[in-house]
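# Examining the three-dimensional arrangement
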Amino acid sequence: MPSTLFAGLRANFLGNAPTWYKQVILLFLVINPPIFWWLGPGLAGWLLVAEFIFTLAMALKCYPLQPGGLLAIEALAIGMTTADDVYLEILHNLPVIMLLMFMVAGIYFMKELLLVTFTHILIGVRSKVLLGLLFSLAAAFLSAFLDALTVTAVIISVAVGFFSVYHKVASGKGYHHDDHNTGSDEGVIELHREDLEVFRAFLRSLLMHGAIGTALGGVATMVGEPQNLLIAKEVGWNFVEFFQRMAPVSMPVLVAGLLTCALLEKTRWFGYGARLPKPVRQVLEEFAANEQARRTPADRARLWVQAVAAVILVLGLAFHVAEVGLIGLLVIILITAFTGITEEHQIGRAFEEALPFTALLVVFFAVVAVIHEQHLFTPVINYVLALPVSQQPGMFFVANGLLSMISDNVFVATVYISEIKQALEAGDISQPHFEQLAIAINSGTNLPSVATPNGQAAFLFLLTSAIAPLVRLSYGRMVLMALPYTLVLGGVGLLCVVYLV
């Protein structure tokens, strides 16, 4: 326990983050002002970008909003940018913020329908190869129209639910037993231990197939990932145009990703291939049948309302009847009105997943304002634009891909699309070439970023979720299981950008 006020402040600073991490952040805050004043804004700006990327890469130690936010506040305080520039950056990207606020919350109210869908897939399909393909394909399709974070949340919910059911039975309890700790194997009966470990490996593979599926679908449409909408807005594409322009990359990559899924399950390489043990299947089938029998007419009515709202959502996006965020708000109103969700605290839960990342995105835009103010990326962009025109899309894909592996792909896309938009407005590139580079940036930030949990919010969400420790999904294991997908998606994506775009 801290004995003085200063000790209490020191203990409270960044909460449970490691001491060394806190010291690094404090060092950043101390050295930035003198570097800005004495060595110039250029060096200080690049240092700020590196520091911010560090907070993104260390997201498992501390959520980047707080340390990244402190760095952004300091940048404003010492004059690296202005509050007006940050506001204009936010205003310019308001559709992306609305997407995160309302679309993610809207899909939250469709979770029941999505849970039923994935449950039927898991129980109804006995072939592990086909099951892996269906999980990946379903996640890809849903992520193309909904949101990768929410689809991942649904897959996690299914995995947590089924794991807890079998863990209770393996511990000699009924599957409706409430007082049970699924995080401890102390009570697991010896006879069930081997099946439990195989079940863990089985769930790990499905979670990874599903997470990769969100990337396969996320690259294809303007709502698949937050940066897609930002890129679409800069280029001026609607939902259908975005899909059509990305199809030469997204469709071959989808096929390659699904083939990789099937190959991994067949060969059982990289931790894939575990089959569902028969005793576990029996328990899960009994549980699913019991849940279906307990479903009331009101429960079934809710599912129908959610299904109708899903159709309205898809049609609204396809015909671009309104901004994406407003369509999400429409879904919220329709589902809550017709399913009896009318209390403020019930609706508030839907926004819990989206708002922390929305706040972090605003901090992104503050750093982007610094980049624009100090013209940090202008030399890099000019170097790439000085290359032969045919080489530029491939170079942008590689540059965005490598940076997205260690940083966050939304941040990377925000920086690069803003910089090439400035080059377009300055007359340095033509509109058709600008669109080619936009496709390369979108592909580069969506595909190679599956390499690490740092690259995509959905992957980081999976790693920090309740299911990760239950199925022994560590950072290293996640990187290893993603490796074959990284090579295939990155390689095929690059070839498509170079030869088909």
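For the structure itself, look to the data block above.
Let me sum up the structure you'll find in this document. (Residues numbered from 1 in each chain as written. Predicted model: local features only at pLDDT ≥ 70, side-chain atom pairs only at ≥ 80, totals over all residues. Heavy atoms only, no water.)

## Considering the layout of surface pockets
Once rolled over the atoms, a probe with the size of a water molecule shows which space is left empty. Stated precisely, the cut-off is as follows: Each cavity reported here is a set of points on a 1 Å grid over the protein atoms alone in which a 1.4 Å probe fits but cannot get out, each pocket an open set with protein on both sides within 12 Å along at least five of seven lines, and each lining residue one with an atom within 4 Å of a point. Grid points are joined across faces, edges and corners, and a volume is the space filled by probe spheres set on the points. Helix and strand definitions follow DSSP, with helices as H or I runs of at least four residues and strands as E runs of at least two, each counted in order from the N terminus. All residues other than Ala, Val, Leu, Ile, Met, Phe, Trp, Tyr, Cys, Pro, Asp, Glu, Lys and Arg, Gly among them, are scored as polar; the first ten of these are nonpolar and the last four charged.
In this structure, the largest pocket spans a volume of roughly 670 Å³. Along the walls of the largest pocket sit 20 residues, with Leu115, Thr119, Phe287, Glu291 and Arg295 positioned nearest its centre. Elements with a minimum of two residues in the lining of the largest pocket: α7 (111–124), α9 (148–170), α13 (278–293) and α14 (297–318). Residues of the lining of the largest pocket, tallied by class, amount to eight nonpolar, six polar and six charged.

## Some thoughts on empty space enclosed by the protein
Evaluated as defined, the whole model comprises two cavities of 30 Å³ or more. Taken as a whole, the second largest cavity holds about 50 Å³ of empty space. Of all the secondary structure elements, the ones that give two or more residues to the lining of the second largest cavity are α9 and α10 (190–218). Its residues assigned to classes, the lining of the second largest cavity shows eight nonpolar, no polar and no charged.

## Examining helix α18 (residues 378–386)
Stated formally: Three exposure classes are used, based on accessible area relative to the maximum for each residue type with a 1.4 Å probe and protein chains only: buried under 20%, partly exposed in between, and exposed over 50%. Relevant arc is that of directions from the helix axis to the C-beta atoms, nothing else.
Within α18 the residues assigned to the buried category are Ile381, Val384 and Leu385. For α18, the angular spread of buried residues about the axis comes to 100 degrees, placing them on one side. In α18, those exposed residues whose orientation departs by more than 90 degrees from the buried face are Pro379, Tyr383 and Ala386.

## Some remarks on the nonpolar core
So the rule is basically this: Residues belong to a common nonpolar core when they are buried Ala, Val, Leu, Ile, Met, Phe, Trp, Tyr or Cys residues joined through side-chain atoms within 4.5 Å. Whether two residues are in contact is decided by their heavy atoms: any pair within 4.5 Å suffices.
Phe199, Phe396, Phe411, Leu462 and Ile467 are the most contacted members of the largest nonpolar core, which has 151 residues in total. Setting aside residues up to four positions removed in sequence, Leu462 forms contacts with Thr152, Ile156, Leu207, Met208, Ala211, Ile467, Ala468, Leu473 and Met478. Tyr21, Leu29, Ala44 and Leu48 belong to the second largest nonpolar core, which has 16 residues in total.

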